[in-house]
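# Secondary and tertiary structure notes
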Amino acid sequence: MAKSRELKRQDIRLPPGQTLVKNFPVLSYGPTPRFNPAKWDFRVSGLVENPIRLNWEEFLRLPISSQTSDFHCVTSWSRFDNLWEGVKVSDLVKLVKPKPEALYVFIHCDGGYTTNLPIHEFVDDDVMLAYRHDGKDLDPDHGWPLRLVVPKLYGWKSAKWVRVIEFCAKERRGFWEVRGYHNHGDPWAEERYSFQEDSGE
Ligand SMILES: Nc1nc2c(c(=O)[nH]1)N[C@H]1C(S)=C(S)[C@@H](COP(=O)(O)O)O[C@H]1N2
Ligand SMILES: [Mo]
C-alpha cells in the first residue's frame, strides 16, 4: 500500500508492467449476452435498508454523471482517458442504504460472470455503473447495457453486463478470483495473481 501511494504521488499514470494502447480491446470470458429490455432488470440485494429492482427505463431515470478515468487490464494493456457516463455508485448507495454489517459487494452478471469488492472501494467517487463510453452507447462487447467501472483496480473488477449487486458481510471470490487472479487487484501494487496474497507482496 505504501508503494502504491508513493507511485500515485509521483503522478505516474501508467502502472508498472503495463503498456499503453489507443484502441479498446475486448476482454470477455464467453459470449456477449443478448440484451432484452423487456426482460432485463437491475437489482441491489443483500444487506441494504432499501433493496431495489429497476427495469431498464427506470434505471435510465437515475441521476446521470460522467467521469474520465484510466483503465488497466491485468493482461498488461492500459487505456487512458475513458469518458464514462452512467450512474455513480456513490449516488446509488445513497438510495439503497447499506447496513453497517455490509463490508463487501458481490457483483452478478448476465452469463454467470461474478466479481467481488470491499465496500470502501466500491463506493469510491470514481466508481460508476456506466452505459456510455466516449460519447456513445456501450458496445455490446464492452458491456451493453450496463457495466461497472472501477478505475483504481485491474479491469476484471469492472464487470460487464451487470444485473445484481449483492451487499454481504463476508468475502466471496468471484469468477477470476477463484481462477488465480488476486482477490484485490491494485495495478499500482501489481496485485495480479492469487499466489501473491500469502507472501504479503
Ligand atoms: N461479465 C464480464 N465482465 C468482464 C469480463 C468478462 O469476461 N465478463 N472481463 C473482465 C476483464 S478481464 C476486463 S480487462 C474488462 C475488459 O473490458 P472491455 O472488454 O470492455 O475492454 O472487463 C471485465 N469484465
Ligand atoms: Mo482483464
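Overview of the structure. Going along each chain's sequence as written, the residues are numbered from 1 onward. As a convention, the first chain written is A and the first ligand written is 1, with the rest following in written order. At least 70 in pLDDT is required for a residue's local features to be given in this predicted model, at least 80 for side-chain atom pairs to be given and counted, and no such filter applies to totals for whole chains, interfaces and linings, which use all residues. Values reported for side chains reflect all heavy atoms of the structure, with hydrogen atoms and water molecules removed beforehand.

### So, the site of ligand 1
Being near a molecule or strand, for a residue, means having at least one of its heavy atoms within 4 Å of it. What surrounds ligand 1 is a group of 19 residues, the closest being P25, Y29, H142, R147 and K160. Polar contacts, as used here, are pairs of N or O atoms within 3.5 Å; protein pairs need one atom able to donate a hydrogen and one able to accept it. Residues neighboring in sequence count only if both atoms are side-chain atoms. A distance of 2.6 Å is found between an oxygen atom of ligand 1 and a side-chain nitrogen or oxygen belonging to H142. Within the contact set of ligand 1, a nitrogen atom lies 3.0 Å away from a backbone nitrogen or oxygen of S158. Compared with its free state, where it exposes 530 Å², ligand 1 has 98% of that area covered by protein. Using a 1.4 Å probe, the Shrake-Rupley method yields the accessible areas, and only the shown protein chains count as cover for residues.

### Section: the pairing of strand β6 (residues 104-109)
Side-chain positions along a regular strand alternate between the two faces of the sheet. Any two strands with at least two DSSP-identified bridges between them are counted as paired. Helix and strand labels come from DSSP, where a helix needs a run of H or I of at least four residues and a strand needs a run of E of at least two; each type is numbered from the N terminus. In this sheet, strand β7 (residues 114-118) lies alongside β6 in antiparallel orientation, the contact comprising five bridges. Bridge pairing links Y104 to P118 in β7.

### A short note on the pattern of salt bridges
Every case where a carboxyl oxygen of Asp or Glu lies within 4 Å of a side-chain nitrogen of Lys or Arg is listed as a salt bridge. In this structure the tally under the stated criterion is 17 salt bridges. Across the salt bridge formed by R61 and E57, the nearest N and O atoms sit 3.4 Å from each other. Pair check on accessibility: R61 and E57 agree, each one exposed. Here K152 makes a salt bridge to D126, at a shortest N to O gap of 2.8 Å. Of this pair, K152 sits in the loop between β10 (147-149) and β11 (162-168) while D126 sits in the loop between α4 (119-122) and β8 (128-133), and the two are 26 residues apart along the sequence. Taken together, the shared-partner salt bridges in this structure form one network comprising D41, R53, D110 and R163. Classification of residues uses two cut-offs on accessible area relative to the type maximum, computed with a 1.4 Å probe and protein chains only: under 20% is buried, over 50% is exposed, and between them is partly exposed.

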